[in-house]
Structure formats: structure tokens, C-alpha cells
Amino acid sequence: CQTASPGAPLPRGPMSVAVTGAIGVMGAALAKVLTDDGHDVTALTRRPADYLGAGRAVHADIGDAESLRRALDHQEAAYYLVHSLAAEDFAVRDREGATSFAAAATGAGLSQVVDLGGPGADRDDLSEHLRSRTGVEPRLRDGAPTPRLAAGSRPAAGRAGGGRGWIFGQGR
């Protein structure tokens, strides 16, 4: 996968972008920012009739390869924000979902899938859920051009109100 050099300008202009996990906190915020920036956002969800967020809702289920292929058709890029928090076998589901999504993204010809991963796996203080995210990144990366954004919770410089927030940086 190609990555921009530090300081190089990012490509500008509206894109067709799919967002998984658009019903979650991070996905909803991302869909709104992308829409506000003029991008054509497609929110992938199992329940499009219930979706109230930014962009256009389309049915897709990470466990259903055909629904993913249909939903990713005509998209240029996608953000992968899926995490099976409620499932007993969440680590297995996350890995299988990432594999299916990468295959569908490649089949649809997406130029990029962006993975929002958690802090590095080498940390001792990670929960079982955050540690499971380390199995997702290689599956996405092996199947589609995928940069990883690593998220960590620490004071966000310049954040209004001085609260805690997510800091994003390119992962390894």
C-alpha cells in the first residue's frame, strides 16, 4: 500500500466513502465530518431503516460477503470501524469479519481501507477487547491497501474544554 510522505499534501476533492460502524461514537462522528467535508458517505449497517446519522444508509453485514460486495460497489475508500463487543467469541468474529471485508473491498476495487486500531499489542495494560484488534489489522492489510490509524486515550492538545479524547497517528 502506498502512503504519503510526512508533510505531503493529501489528495483533495470529494470521494465516495463507505463507513462501517457508523452507528458507533467514532463512526457517527467520522461520517458527519466526511459529509461536512463534501464526501459522499455510505453508512454500512445491518438496519438501514434505523440509521439517523450522516450520509446514506445501505444494508451490509460483516458476516455476509454478498451484502458487503453490494454495499462497497462504486465506493472509492472505506473506513473499517467494526468491533464485535457484544459477542462471546468477539476475537474470532473480528478476524473473520476483517477477512471478509478486505476481500469485498478488493473485489469492489477500493483504493484504500482505513483501519482504526487500538493501542499497540505490545502494551501490557490492554483489555482483551483491545488486544483482539491486533488480529484485524493484518487481515485487512493482507487483503486490501490498508493504512492503520492507532488510537489512544490521553489528553487531546487543543481540544475544547480540555477533556480527554482520541489522538490519532499513523500506526506501524
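You'll find the structure just up there.
Anyway, here's the lowdown on the structure attached to this text. These figures come from a predicted structure and were not determined experimentally.

On the secondary structure map, M26 appears in helix α1 (residues 25-36). Taking the C-alpha atoms as reference, M26 lies 9.4 Å from L116; in sequence the two are 90 residues apart.

Structurally, T42 can be placed in strand β2 (residues 40-45). Judged by its relative accessible area of 0%, T42 falls in the buried class. Ignoring anything within four residues of it in the chain, the contact list for T42 reads V17, A18, V19, R56, V58 and Q75.

Turning next to helix α3 (residues 90-108). Between the first and last C-alpha of α3 there are 26 Å, a value that for 19 residues agrees with the 27 Å anticipated at 1.5 Å per step. The complete set of buried residues in α3 reads F90, D94, G97, A98, F101, A102, A104 and A105. Buried residues of α3, viewed axially, fall in a sector of 170°; they line one side. Facing away from the buried side of α3 by over 90 degrees, the exposed positions are A103 and G107.

Moving on: the pairing of strand β1 (residues 16-20). For β1, the buried fraction is high: five of the five residues fall into the buried class. By the alternation rule, side chains of β1 split into S16, A18 and T20 and V17 and V19, which are all buried. The pairing of β1 with β2 spans five bridges and is classified as parallel. In the strand pairing of β2, A18 is matched with T42. Running through α1, the crossover from β1 to the neighbouring parallel element β2 is right-handed. Of the pairings in the sheet, the one linking β1 to strand β4 (residues 77-80) comprises three bridges and is parallel in character. Counterpart to A18 in the pairing with β4 is A78.

Let us look at unusual backbone geometry. Backbone geometry places H74, a non-glycine residue, at a positive phi of 75°. Along the chain, H74 falls in the loop between α2 (65-72) and β4. For H74, a relative accessible area of 67% corresponds to the exposed category.

Our focus in this paragraph is the pattern of salt bridges. For the structure on display, the rule yields three salt bridges. Ionic pairing is found between D36 and K32, a salt bridge with its closest N-O pair at 2.7 Å. Pair noted here: D36 and K32 are both in helix α1, with a separation of four residues, about one helical turn. Assessed through its relative accessible area of 46%, K32 is described here as partly exposed. For E66, the salt bridge goes to R69, with nearest N and O atoms at 3.2 Å. With E66 and R69 both in helix α2 and three residues apart, the pair spans about one turn of that helix. A residue is classified by how much of its surface remains accessible, and R69, at 42% relative accessible area, is partly exposed. A single salt-bridge network, built from bridges that share partners, covers E66, R69 and R70.

Our next topic: the packing of α2 against α3. Close contact between α2 and α3 brings their axes to 9 Å; oriented N to C, the two are set at 40°. Taken together, the axes of α2 and α3 lie oblique to each other. Here α2 runs over α3; the crossing is right-handed. Packed against α2, whose contacting residues are L68, R69 and L72, the element α3 presents S100, F101, A104, A105 and A108 at the interface. Per-class residue counts for the contact of α2 with α3 are six nonpolar, one polar and one charged.

Criteria and thresholds
- Residues numbered from 1 in each chain as written.
- Predicted model: local features only at pLDDT ≥ 70, side-chain atom pairs only at ≥ 80, totals over all residues.
- Heavy atoms only, no water.
- Helix = DSSP H or I, 4+ residues; strand = E, 2+ residues; numbered from the N terminus.
- Buried < 20%, exposed > 50% of the residue type's maximum accessible area, 1.4 Å probe, protein only.
- Contact = heavy atoms within 4.5 Å.
- Expected span 1.5 Å × (residues − 1).
- Arc of directions from axis to C-beta.
- Pairing = 2+ DSSP bridges.
- Right-handed = clockwise from strand over helix to strand, strands pointing away.
- Salt bridge = Lys/Arg side-chain N within 4 Å of Asp/Glu carboxyl O.
- Axes fitted to C-alpha atoms, helices over the stretch in contact; angles between N-to-C directions.
- Parallel < 35°, antiparallel > 145°, perpendicular 65-115°, else oblique.
- Left-handed = near helix turned anticlockwise from the far one by under 90°.
- Nonpolar A, V, L, I, M, F, W, Y, C, P; charged D, E, K, R; others polar.

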